[in-house]
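Residues per chain, in single letters:
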Amino acid sequence: MGITKHVALLCIVAATAPAIGPAIAPATADDHPPDSLRMRDPQPAKPPPAAAASAAPAAPAAEDDGKTEVISVTDSTIEHQLFTGRAPVSVVTRADLTASGHATLGDILQSLPAQSNAGNAQVNAGGDGTTRINLRGLGASRTLVLLNGRRVVAGGPGADAAVDINAIPLAAIERVEIMKDGASVRYGADAVGGVVNVITRPQFNGTDVSLLTSTSQRGDGTEYDASFVTGIATDNKRTYLVVSGGYQHHDPVFAGDRGFSAYQNSYDFTTKTATQNASLATPGGRLDASSIGIGGVPSGVHPPGCGSSVCKPDGNGAWTDFVEPRDLYNDAAENYLYTPSTRYNVFASGGNRLNDNTTLFAELLYQHRNSDRELSPVPFTADTPISKDSIYNPFGGDILDYRRRITEAGPRQYLDTVTTSRLVVGLAGDTPASLGILKDWKYEVSYNYGDTDSLLGTTGELNRPRLADALGPSMLNGDGVPICVRTPGDASTEIIYHQIIPTGLGPKTVNYPCIPLNLLAAAGAIPRDQLKNITFDDAGSGSDSQRTLLATASGPIAELPHHGNISLALGGDYLHEIGQQAPPSVASVGSSTDNPARATDGRFHLFEGFGELQIVPITGDPIAQRVELDLGARALVHSRFGSSLTYEAGGLFRTVDGLAARATYATAFRAPTLPDIFGGQIELSPAAEDPCDTRPPSVGEASRALTPAVQAQCTAQGVPVGSKFNTSQQLSVIGGNPDLKPETAATTTIGVVFEPPQVDGLAVTADYWHITIDNAIEELGVQTIFANCYDRGIQSYCDQIHRDPVSHRIDPVDQLLQNVTRTTTSGIDVALAYDARLAELGRIHAGLEGQYLLRYDLDTSLQVIHGAGFYDLGAYPRVKANLSGRWSHPSGASGGFILRFVGTYKECAANDCNDGDNLAVASRDVDRYVKLDLYGGYDFRSGLGKTTLQLGVNNVFDTTPPIVYNAAAANSDAATYDFIGRMVYVRLSQLF
């Protein structure tokens, strides 16, 4: 049996608490700062020679006033360098986080160039209130998120595959380290795309209180945040405790309040014209008079006062013509563009030194989140006929095509209540000198308990069976009260509902009648009592549970000539995960107008062992100033997928004139996650036009002719020639697949580092990276399935498309997860950092971090879908970059800027730029995006400590996100661009 993945992470709490003192000075070229995952160093350590450009520039180090924290750097089992070390790493400091003007971590990290296509609070329909991090765009489940080097339980609606990055409170964070070279061997199999390690604030004596408020120039999207961090440490430094807590609230932004999202648009890529989409289901109703009949035979009855075949109530009991587009309903305006949320959080870390070599430590994290997603009121779209025997049907025939927006029921809301809890306890320390060769080894034994519990509420939907009853035969009973009946005119067949409710004396059955529904009433005129039986509030639940047991040990094993050494790290890890999700009860049985969903329930466990050997044969030589070779292996036994073995080799050669070369090659094994395997099937309605539709919304009121290839496939599926569906969304089914197989990966990184001695404080890096994932677990988009079936005639994709035998509409498209041949991506990262003191003028710091994407290919064995520079697989622009600058003065004044750039890419008809014809004649360029943030601040010092006032403007020029017509909603990509616009913020902090 082979062996593989997951974590056994090298992270040890200090055996001796670091002393309280002034901020650390910048490191010299001889310093060897640690890598992104490491044990805590018992002694204060120096920061790296230069920090990578990040989401925001770092603030200057404060002068020593007795109230400044010491940065406690975490230390690896085998020490590496950040930024200029063996592996490419980006660092986001606490000052960067503060300067951003945001109160949640996800809003900051999602702007990094290496991150793309992850969900966030701008995803309304299809979102779940979480914010993920997705390095290299390979999927959030392929990015490993750690807190102080240890795993964090997944978060969301339940049975989740990735961490909700916003579950980690911002106030508790010292910095974030992003390792971008893969790292599965060192840190676990989920690290295919990279590792995000969040380091919390170190021990200190004092209290730091912060208040933040921000709002858009339009007065919406207001955010409030209040937080504190307090710490104590005993005089002998044997015991310490750090506690933080906070409250955060973000108001919503509605799509109708921004010009780019006020309507959902369709685009004709051939004629280069955009059309505003609107719904036929209007608050006033829309009747296709030709659908009135008996037994499917038109009766010829026509609503009085209406001169066309499509009519609407006039509000006075009569009818008039329904005129497009004047009478259509804009269902986009009432959707959230930015979803609201409220969070409460507590984080605590502490330790007690039991003896000279052992420390007992603990970490506690608790967060409670309430979030909300909102859609326009539920539409009735000819879901069921209005019976000819309904007392509210004046036409004497069944109405088969009537559409109406049920505004009387209010908007559709999805209410998330999510609680995340995490507790880590353990022993850590170092070995005594008496152990000889094992002296100065560090060790940790820890237990990590994590739970996420979710309550998923819904409101504003309709109960389909009861809706059918309410539109079916009805009559007046002997008291003149309208009742629903099974048999027309027979009161003895009245429909009565039964509900069992608990009472103090046991369960009790409650009976209540079905009430007929007057769906033909004027806008806003449906009585509330007619809706009470067909509308409902419902709730589902979910949970994620994670238990890990970790043991690590590391240290030097031999000294070598030429000032070299050999170090070794060993570890073992046990991981057990359980995921469950029970959707709302009415939706779970398919009785809701909401998307049907099925329950998810699964678990797995695994054992891992790993070892890492670092050999440093030479240091201090005039030519070979430092030579380093790292070798590692990780073995795994998975309860469902057997065993595997992965390995890694890397090296660093640092030579004269500040030049260094570095490289890494690593393999990885990633088993399918719980939702990958056990995920219940869920129906969604992604944006896509039916290829067989001769009158899709993108062509307006005209009709289009299908190509011979498309027409042949439509005919083969039984679609009549000339069919008109006029739909911009199609029904699809997503979910897990129990037949999935594990995927394997290989990562190569080759880079150079330049720190010219002539320019003190300057560091430049460039790295080429290449990641290949074989047997990749992917979910193909609806547009990809359509293109492969209708344009390319690939039968296996046509088999994924199902149609209703009567209406011939798509019902549904299978989008279940599947193993594809390969996913490959590669690119070049560049980074620059410059830090200099300008005497009495103060200090400046500049940073640049950029990514050039060479390729992003998905090989399905039947075709290779190229994503780089196209929107076919999501937003994968060739170029992304962040530029930051900061100035600070000894007087306490400071200021800075952050400039974010996202390059252009193409989108094509049917979201298929891999079709040569589309690329040539049916494509458009998505505009490049530039966003500028400015901020300034001042430190006031008094007997109370240090007071900091910071003012900032994010998106100074109110840059509108580029239009992306193939995006899921809001005519732009929620995972890539800022939707809110110009934001002004004020932050007031007090360090006591």
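Criteria and cut-off values
Residues numbered from 1 in each chain as written. Predicted model: local features only at pLDDT ≥ 70, side-chain atom pairs only at ≥ 80, totals over all residues. Heavy atoms only, no water. Helix = DSSP H or I, 4+ residues; strand = E, 2+ residues; numbered from the N terminus. Rg over C-alpha atoms; globule rule 2.2 N^0.38 Å. Axes fitted to C-alpha atoms, helices over the stretch in contact; angles between N-to-C directions. Parallel < 35°, antiparallel > 145°, perpendicular 65-115°, else oblique. Contact = heavy atoms within 4.5 Å. Buried < 20%, exposed > 50% of the residue type's maximum accessible area, 1.4 Å probe, protein only. Pairing = 2+ DSSP bridges. Polar contact = N/O pair within 3.5 Å; in protein donor to acceptor, adjacent residues only side chain to side chain. Phe/Tyr/Trp six-rings, centres within 6.5 Å; stacked < 30°, edge-to-face > 60°. Lys NZ or Arg CZ within 6 Å of the ring centre and 35° of its normal.

Scanning the chain from terminus to terminus reveals eleven helices and 52 strands. Relative to its length of 992 residues, the chain is compact, with a C-alpha radius of gyration of 31 Å against a globular reference of 30 Å.

Turning our attention to the packing of helix α8 (residues 708–716) against helix α9 (residues 782–791). With their axes 8 Å apart at the nearest point, α8 and α9 run at an angle of 95° to one another. When the axis of α8 is compared with that of α9, the two are roughly perpendicular. Mapping the contact onto sequence places Ala709, Val710, Gln713 and Cys714 in α8 and Cys789, Tyr790 and Asp791 in α9.

In this section: unusual backbone geometry. Glycine aside, the phi torsion of most residues is negative, and most peptide linkages are trans. The omega torsion of the bond from Glu324 to Pro325 falls at 0°, within 30 degrees of zero and hence cis. One can find Pro325 in the loop between β18 (319–321) and β19 (336–338). Put simply, Asp811 and Pro812 share a cis peptide bond, and its omega is -10°. Among the secondary structure elements, Pro812 is positioned in strand β42 (residues 810–814). Although it is not a glycine, Asn971 adopts a positive phi angle of roughly 60°. On the accessibility criterion, Asn971 (0% relative accessible area) is buried.

What the three strands build is an open sheet, ordered β16-β15-β23; its pairing is antiparallel. On the outer flanks of this sheet lie β16 (297–298) and β23 (398–399), each paired with one strand and no other. Judged from the two bridges that link them, strand β15 (residues 292–294) and β16 form a sheet pairing that is antiparallel. Opposite Gly293, over in β16, you have Pro298 as the bridge partner.

Quick look at helix α4 (residues 464–471) now. All of the buried residues along α4 are Arg466, Leu467, Asp469, Ala470 and Leu471. The secondary structure elements touched by the buried residues of α4 are β22 (379–381), β26 (442–462), β28 (482–484), β29 (496–503) and β30 (506–513). You can read the cap of α4 off the contacts: a side-chain oxygen lies 3.2 Å from the backbone nitrogen of Arg466, and it is on Asn463.

In terms of burial, α9 is largely enclosed, as nine of its ten residues are buried. Contacts from the buried residues of α9 go to α8, β38 (732–734), α10 (795–798), β41 (801–803), β42 and β45 (864–866). Backbone geometry just downstream of α9 places Gly793 in the positive-phi region, at approximately 65°.

This paragraph deals with the environment of Gly572. Mapped onto the fold, Gly572 is located in strand β32 (residues 564–582). On the basis of relative accessible area, Gly572 is assigned to the partly exposed category, the value being 24%.

As a further point, take the sheet that holds β38. Strands sit in the order β37-β38-β42-β41 across an open sheet of four strands; the sheet is mixed. Sheet topology places β37 (682–684) and β41 at the edges, where each strand pairs with a single neighbour. Within this sheet the neighbouring strands show an average axis-to-axis angle of 30°, counted without direction. Pairing between β41 and β42: two bridges, direction antiparallel. By the bridge assignment for β42, Arg803 is matched with Ile810.

All right, on to the packing of aromatic side chains then. Applying the stated criterion across every chain yields a total of 14 aromatic pairs. Judged by centre distance (6.0 Å) and plane angle (70°), the ring pair of Phe786 and Tyr790 falls under edge-to-face. Separated by four residues within a single helix, Phe786 and Tyr790 lie in helix α9, roughly one turn from each other. Its relative accessible area of 3% is what places Phe786 among the buried residues. Taken together, the ring pairs connect Tyr267, Phe269 and Tyr965 into an aromatic cluster. Taking the ring centre of Trp769 as reference, the NZ or CZ of Arg136 above it sits at 3.9 Å. The residue whose ring lies beneath Arg466 is Tyr497, and the NZ or CZ to ring-centre distance is 4.2 Å.

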